[in-house]
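Results of the structural survey
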Amino acid sequence: MNTRSENTLLVVMGVAGCGKSSLGQLCAKALGVPLLEGDDFHSDGNVAKMRSGTPLSDDDRAAWLDVLATQLQAHPLGVVLTCSALKQRYRDRLRAAAPGLRFAFLDLTQEQARERVASRPSHLFPVSLVASQFAALEDPRFEPGVLHLDAVEPLEQLAASVVSWVHAAPATAGLEARS
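This report concerns the structure included in the present document. (Residues numbered from 1 in each chain as written. Predicted model: local features only at pLDDT ≥ 70, side-chain atom pairs only at ≥ 80, totals over all residues. Heavy atoms only, no water.)

At Ala-85, a residue that is not glycine, the phi angle is positive and equals roughly 45°. Take Ala-85: its relative accessible area is 0%, and that puts it in the buried class. (Buried < 20%, exposed > 50% of the residue type's maximum accessible area, 1.4 Å probe, protein only.)

Core analysis: the largest hydrophobic core is formed by 54 residues, its most contacted members being Leu-23, Leu-94 and Val-162. The greatest single-element share of this core, amounting to six residues, is contributed by helix H7 (residues 155-168). Setting aside residues no more than four positions away along its own chain, Leu-94 makes contact with Val-11, Leu-65, Leu-68, Ala-69, Leu-72, Cys-83, Leu-101 and Phe-103. (Core = buried A, V, L, I, M, F, W, Y, C linked by side-chain atoms within 4.5 Å. Helix = DSSP H or I, 4+ residues; strand = E, 2+ residues; numbered from the N terminus. Contact = heavy atoms within 4.5 Å.)

What follows is about helix H2 (residues 44-51). Here H2 has its buried residues at Asn-46, Val-47 and Met-50. Here the buried residues of H2 occupy an arc of 100° about the axis, which is enough to place them on one side. Structurally, H2 contributes buried residues whose contacts are with helix H3 (58-73). Just past H2, the residue Gly-53 takes up positive phi, approximately 90°. (Arc of directions from axis to C-beta.)

Let's shift gears to the sheet that holds strand S4 (residues 102-107). Sheet strands associate in pairs through backbone hydrogen bonding, adopting either a parallel or an antiparallel arrangement. With parallel pairing, the five strands of this open sheet are ordered in space as S2-S3-S1-S4-S5. Looking at strand neighbours, the two that pair on one side only are strand S2 (35-37) and strand S5 (146-150), the edges of this open sheet. The average angle at which neighbouring strand axes cross in this sheet is 20°, direction not considered. In this structure, S2 lies alongside strand S3 (residues 78-82), joined through three bridges in parallel fashion. Bridge pairing in S3 places Leu-35 opposite Val-80. Those strands touched by helix H4 (residues 88-97) are strand S1 (8-13), S4 and S5, and its axis lies near 150° from that of S4. (Pairing = 2+ DSSP bridges. Axes fitted to C-alpha atoms, helices over the stretch in contact; angles between N-to-C directions.)

These results come straight from atomic positions and should not be treated as a statement about function.
Written as structure tokens, this is what we have:
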């Protein structure tokens, strides 16, 4: 199913290991828009910090979020971006750059995230940083334009839910939740 969705600006978000990249790929394909992997835009310094097991600070993330905001603006006809977007101020920074931006929040437990991250040893993000992601996470479920998803549901089901939500609600729609 590839249905071009004009002006679909979507962030697939959540902690490390929630499945952002996998869901983002399926959604971008189904919606007929490009996929941007947020991790690809980290500075070399941020990557080195993460690989060494050092959590990123707000200052570390600031320039990265600016780059992501610029990338969203460069794709006004639609894009799917994968980004942890852990704090409301990070999401608000992205929203300011792309009015109508929506977020698909992949939610899972810390233990589930740890197991998933441990299963991908070549990834830049080590298991030791999972707890820091949960410590930083500010629940987005009560913000407008957020779809809450159980990250352990089958990937195809998650993608179908996101695509249906995108097509059913205009980008300016208010609070959305699915548990």
